[in-house]
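Here is how the chains run, residue by residue.
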Amino acid sequence: MKFMMLLAFSLLMSSSARAYDTIRFLDPIKGDEMVKPVAAAADDDRLYVVDEKKNVLFLYDSAGKLIKSVGRSGKQPGAFSRPRGVAVGPNGRVYVSDTGNNRVEIFDHDGNFIYAFGEKGSEPGKLKGPESLAVGVDGRIYVSDTGNNRVQVFTNEGILLFLLSGYGKEPGLLNNPTRIAVDRSDNVYVLDRNNERMQKFDSSAKFVKEYSLLGNDFTVDQFGFLYVVDGRNGKVIEQSGDGFIMGRFGSLGSGTGQMRKAEGIAIFPDGTLIVLDTGNKRIHRVELTNKLKVKALPLNLHTKMSVSGPSRAWPYSAETLAPYGDDLYAWLPKEGQFVLIDDKGKEKKRFGSSKGKGEGVTRGVGGMAAVKSEKVEGLYVTDNPNHRLQQFNLDGKWKSNIGEAQGFFDSKKREGRMKNPNGVAINGQGVVYVADTGNQRIDAFSPEGVFLFGFGPKVGGYMLLEPVALAWDDAGFIYFVDKGLKRVFKCEPSGAYINSWGGEGDGPGEFKAPVSIAFDGQNYLYTLDEDLRRVSVHTKDGKWLADFFAGGNQERELLKPVAVSVQGDKLVIADAGKSRLVSYDLHPMLTSPAEISTATKDGAIALSWLPVADSWTGGYVVSRATSAAGPWVKAGETKTETYRDENVVPYEKYWYRVATKSKTADVGPASRSISVFVAGSFNRSPVEISTITLGDIFAANYKWYLRNAMGAAVLTNNVN
């Protein structure tokens, strides 16, 4: 990059800041090959520009030299129709908002087409004229779904994670959202054009604030400063993260520092701004300094959950699932039989029948659970039409029926007698819990079928309507889904109410028809909504993390999901609409360790930290740098909460960060850095003269002599 200063001036900031920006325009990049460039994105050594009229993606090096152009007009893979957005991900891939084709196209670092996702529509996961997109530090893709007045967030494979906002004028709602950006902390900024404002949302998709800013495009830097390009007036507006206008630069025209019909703006990792001066067919490069830019925004250190795949698919039209180690039990309603499948999809056994009469006949299954422990062993199945619970041996042999005997419950002859039962869960003590849907309660039985207790219809401050599914965690807590209340409940093993979450709606973590729930054996719950055709992920305390999937007939969409289960690090879904069982890989990106401490001894650095209390934790990755700004390199890995680095040099200062590595080998966000100085040998002087250089002695007066020292001495500080 040629650093020739063509124009330099200072801008007075807001009176409250009392600081100045230094603005320096570098040589512009000539763009004779461009017709209407509208968006740009940059990484360390590449600049990417999309041209809406030529339907191409231009690739430039960091000095502004054109490397190549890719794309053409059309609908084929790698072709474009009025593309209006581009972004670069942390993996170096390039994402293009192919607006006219209602899709997102992905290219590698050199512009080679990889794949695309999206199709026209208004349902979740579908796109309608998406004008721009952004990629977070974790690789999530944020798409401004302009025609549908919303933002959709996808995995890098195109699996929907959640929706943000919707149509309206109220704060948090959108009307013609055009441009989008995401900062280091996963805050999302949306240019809400028809509402004449910019809106900010936090990492949990909650509305934070709005700004009275409007322009053609904007970008956000690592400090949270916003830069908005105002093409009509030929200016760029700088705003701090707290909403103060820090300054403006530029004017209308074709001279140095001037713009005509400026369209897009982007930023290099080093902070250099890129402005697409569309009317003058050139690209401005602008260096900025600001005294207020002292500390970069912190990374979002909270745990995130993602998914990829599908990794497996088996042609079974199942209705209910029960994982058992690497095997899976499934109920096939059309055949009226159970099937046992191994982890390769091979059928190991079929058993049961829905025909005829008899104790071992199963007419329909609402839920089931398979278990083998010291307390209990077998497959427990709710025979929904016969209002009973059936027990089978794990090899499929019928053993007994439960819940048909009458007794007393609240002075009525129905204790232990079920009505339209559905979900089943068996805890570590062998207690069998059943969602007794028709009686609006949860029943508990011993492994032999003896009724123990029940709770409901009143649970906490709620009156149960339609409890349908159950799960339990290793601590013994019971979770159940009430389809009527559209909520998930957490209770003590005794049934005492602890917490609940959800509620009616289609927003993040909300439900319309929740029908199935699974616990991953670690820390997270997965609730399937058959109407929204998605799986909501929550922690055991009810904190929402994501809403996986969207409805549809595409490979990574759900058509008619009816049941969900978890096997190890696999999320398994029964999709009756596609007549298949499909498996996806889970990717927990865990929070970073807290309270990192350091010590130096014998020329080595010892790190220690508090453990990350998540059962998915598999170890830690330690990174090191020789400056606070990096670059960061991997120092090593450890299974424990300690790490010793012996590959250090005395009298040097190092910075360290620690990230949590999950059992799936996914690495979460790195911690805030901590610095440590490596002391040298203690038998050295605190300060010593290491080098002396003698200079010429000039005949001069006394004052001149003071200004021309005879020599120089280099002092070495052996302490810090």
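Before reading on, note that the structure itself is shown above.
How each quantity is defined
- Residues numbered from 1 in each chain as written.
- Predicted model: local features only at pLDDT ≥ 70, side-chain atom pairs only at ≥ 80, totals over all residues.
- Heavy atoms only, no water.
- Helix = DSSP H or I, 4+ residues; strand = E, 2+ residues; numbered from the N terminus.
- Phe/Tyr/Trp six-rings, centres within 6.5 Å; stacked < 30°, edge-to-face > 60°.
- Buried < 20%, exposed > 50% of the residue type's maximum accessible area, 1.4 Å probe, protein only.
- Lys NZ or Arg CZ within 6 Å of the ring centre and 35° of its normal.
- Pairing = 2+ DSSP bridges.
- Axes fitted to C-alpha atoms, helices over the stretch in contact; angles between N-to-C directions.

Novice: Where do I start with unusual backbone geometry in this structure?
Specialist: Leaving glycine aside, a negative phi is the common case for residues, and trans is the common case for peptide bonds. A cis amide bond links glycine 309 to the next residue, proline 310, at an omega of 10°. Looking at the secondary structure, you find proline 310 in strand S29 (residues 304–314). Residue proline 457 is bonded to the preceding glycine 456 through a cis peptide linkage, with omega at 5°. Within the secondary structure, proline 457 is located in the loop between strand S41 (451–455) and strand S42 (458–459). Not every positive phi belongs to a glycine, and serine 165 is a case in point at roughly 70°. With respect to the element layout, serine 165 can be found in the loop between strand S15 (160–164) and strand S16 (177–182). Positive phi values are uncommon outside glycine, yet histidine 387 reaches one of about 55°. Mapped onto the elements of the fold, histidine 387 is located in the loop between strand S35 (377–383) and strand S36 (388–392).

Novice: I keep staring at the packing of aromatic side chains and nothing clicks. Help me out?
Specialist: The geometry of two aromatic rings is summed up by the distance between their centres and the angle between their planes. According to the stated counting rule, one finds 24 aromatic pairs in the structure shown. Each ring, one from phenylalanine 480 and one from phenylalanine 489, has its centre 4.9 Å from the other, and the planes form 5°; the classification is stacked. On the accessibility criterion, phenylalanine 480 (0% relative accessible area) is buried. You can call phenylalanine 489 buried: its relative accessible area is 0%. Here phenylalanine 549 and tyrosine 584 contribute two aromatic rings whose centre-to-centre distance is 4.6 Å and whose plane-to-plane angle is 50°, an arrangement assigned as tilted. You can see phenylalanine 549 sitting in the loop between strand S51 (544–548) and strand S52 (561–567) and its partner tyrosine 584 sitting in strand S54 (residues 580–589), a full 35 residues away along the chain. Through a chain of ring-to-ring contacts, the aromatic side chains of Tyr324, Tyr329, Trp331, Phe338, Phe351 and Phe392 assemble into a single cluster. Over the aromatic face of phenylalanine 477 sits the side chain of lysine 490, whose NZ or CZ is 4.7 Å from the ring centroid. Above the plane of the ring of tryptophan 632 lies arginine 657, whose end atom (NZ or CZ) is 4.1 Å from the centre.

Novice: Even after reading the chapter, I still don't get the sheet that holds strand S10 (residues 103–107), so can you show me in this structure?
Specialist: Think of a sheet as strands paired side by side through backbone hydrogen bonds, with each pair either parallel or antiparallel. Spatially, S8-S9-S10-S11 is the arrangement adopted by the four strands of the open sheet, whose pairing is antiparallel. In this open sheet, the two edge strands, each paired with only one partner strand, are strand S8 (85–88) and strand S11 (113–117). Ignoring which end each strand starts from, the neighbouring axes of this sheet average 20° apart.

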